[in-house]
Amino acid sequence: MKPLPSVSLQGRTVLVTGASRGIGAAVARRLAFAGARVALLARDKEALGALAREIGRGAVALACDLRDTETLKRAIDQLPSLMGGVPDIVVNNAGAFFLTPAGETSVEAFSETLATNLTAPFAVVRALLDAFRARGSGHVVTIGSIADRTTFAGNAAYAASKHGLRALHEVLREELRGSGVRVSLVSPGPVNTDLWNTVNPDEHPGVTPHASMLTADAVADAVHYVVTAPLALNVDELRLSRS
Ligand SMILES: NC(=O)c1ccc[n+]([C@@H]2O[C@H](COP(=O)([O-])OP(=O)(O)OC[C@H]3O[C@@H](n4cnc5c(N)ncnc54)[C@H](OP(=O)(O)O)[C@@H]3O)[C@@H](O)[C@H]2O)c1
């Protein structure tokens, strides 16, 4: 049997949020290596500039706090002039995490986590969706988490945000079925990145030690698989754990 052709990333444009380090930086490197031109969004302007220079191929850095939805919208609205059009793919990856019992979590910290992990990805989709629909193509990749289905003690804000993000993804899947716009949820278990800097996983009971975590490069490979899948296929959901 002849395999269906996979989607080529040559000449495609990709917006990656949270691209200054960790999974987002790995995804940007992986998709650029496959031929895509990437727009990198996060707050750390220096890290974004360094990564854009390292990647080359016309990579663009957009320094922005995505909790500020008006600034975020302005940054996304610049993309057509910076990249010659609305991006072909968006990877909603930026996220924030802390472990604190619910009874010690401030309302402000809870709300900030929702702003970063849930409202901002919605704002990114909202800014691009009309153009994706009008064009009849586009791919929204959402980086979820094991915590978008499984709950852990100390995880109230993060679990609430990631469960909500999975729900948003599922609604988009229903609304966009048949439109030509693909949506995929990629949900990794623990990944060895700076996200864990405040926790010390090697000494925290019940937390996966660093050595047993996934790598950011492995998650990037999964994202590459999802966005290059044959056009007739929508990878609805991919759950990742260490083999
Ligand atoms: N590491 C894990 O174990 C794991 C497991 C499952 C899912 N995930 C998910 O994977 C995604 C990436 O996490 P990671 O592990 O790569 O974490 P990370 O190394 O801490 O990176 C987080 C990224 O998000 C950006 N970001 C955070 N707040 C932002 C804001 N307000 N505005 C703009 N950018 C912001 C950060 O950039 P700046 O600080 O420069 O803004 C950084 O680039 C997150 O959605 C996380 O929930 C991670």
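Residues numbered from 1 in each chain as written. Predicted model: local features only at pLDDT ≥ 70, side-chain atom pairs only at ≥ 80, totals over all residues.

> Sorry if this is basic, but what is going on with the overall build of the chain here?
Of the regular secondary structure elements, the chain holds seven helices and seven strands. The linear arrangement of helices and strands in the chain, starting from the amino end, is β-α-β-α-β-α-α-β-α-β-α-β-α-β. Computed over C-alpha atoms, the radius of gyration of the chain comes to 17 Å, within 12% of the 18 Å expected from 2.2 N^0.38 for 243 residues, which places it in the range of a compact globule. Principal-axis analysis of the C-alpha atoms places the extent of the chain at approximately 50 × 45 × 35 Å. In the chain, which comprises 243 residues, the proportion classed as buried is 42%. Relative to all contacts within the chain whose residues are 6 or more apart in sequence, the contacts with residues 24 or more apart total 66%. (Helix = DSSP H or I, 4+ residues; strand = E, 2+ residues; numbered from the N terminus. Rg over C-alpha atoms; globule rule 2.2 N^0.38 Å. Buried ≥ 20, exposed ≤ 12 C-beta atoms within 10 Å, placed from the backbone. Contact = placed C-beta atoms within 7 Å.)

> Where do I start with helix α5 (residues 107-135) in this structure?
One full turn of an α-helix is made of 3.6 residues, so residues set three or four places apart face in the same direction. For α5, with 29 residues, the first-to-last C-alpha span of 40 Å sits near the 42 Å given by 1.5 Å per residue. The largest bend in α5 comes to about 40°, at L128. Structurally, α5 contributes buried residues whose contacts are with β1 (13-17), α3 (69-77), β4 (89-92), β5 (138-143), α6 (156-176) and β6 (181-188). At the C-terminal side of α5, G136 shows a positive phi close to 75°. (Expected span 1.5 Å × (residues − 1). Bend = angle between axes of the 7 residues up to and from the residue.)

> Teacher, can you tell me more about the site of the ligand here?
The environment of the ligand is formed by 27 residues, the closest being G18, G22, R43, D44 and G95. Among the elements that line the shell around the ligand, the one with the most residues is helix α1 (residues 22-33), at three residues. Here the residues of the shell around the ligand sort into 12 nonpolar, nine polar and six charged. (Near = placed C-beta within 6 Å. Nonpolar A, V, L, I, M, F, W, Y, C, P; charged D, E, K, R; others polar.)

> Honestly, the environment of M83 in this entry has me stumped. Any pointers?
Locating M83 in the fold gives a position in helix α4 (residues 79-83). Residue classification places M83 among the partly exposed residues on the basis of 19 C-beta atoms within 10 Å. Taking C-alpha positions, M83 is 8.2 Å from A39, a pair spaced 44 residues apart along the chain. With sequence-adjacent residues up to four places away left out, M83 is seen in contact with T13, R37, A39 and V60.

> Looking at this model, I keep getting lost on the environment of N234. Mind explaining?
Position of N234 relative to the elements: it lies in the loop between α7 (216-228) and β7 (237-240). Judged by local crowding, N234 falls into the partly exposed class, with 16 C-beta atoms found within 10 Å. Each C-alpha atom, one on N234 and one on Q10, is 20 Å from the other, the two residues being 224 residues apart in sequence.

These values are about where atoms sit, not about what they do.
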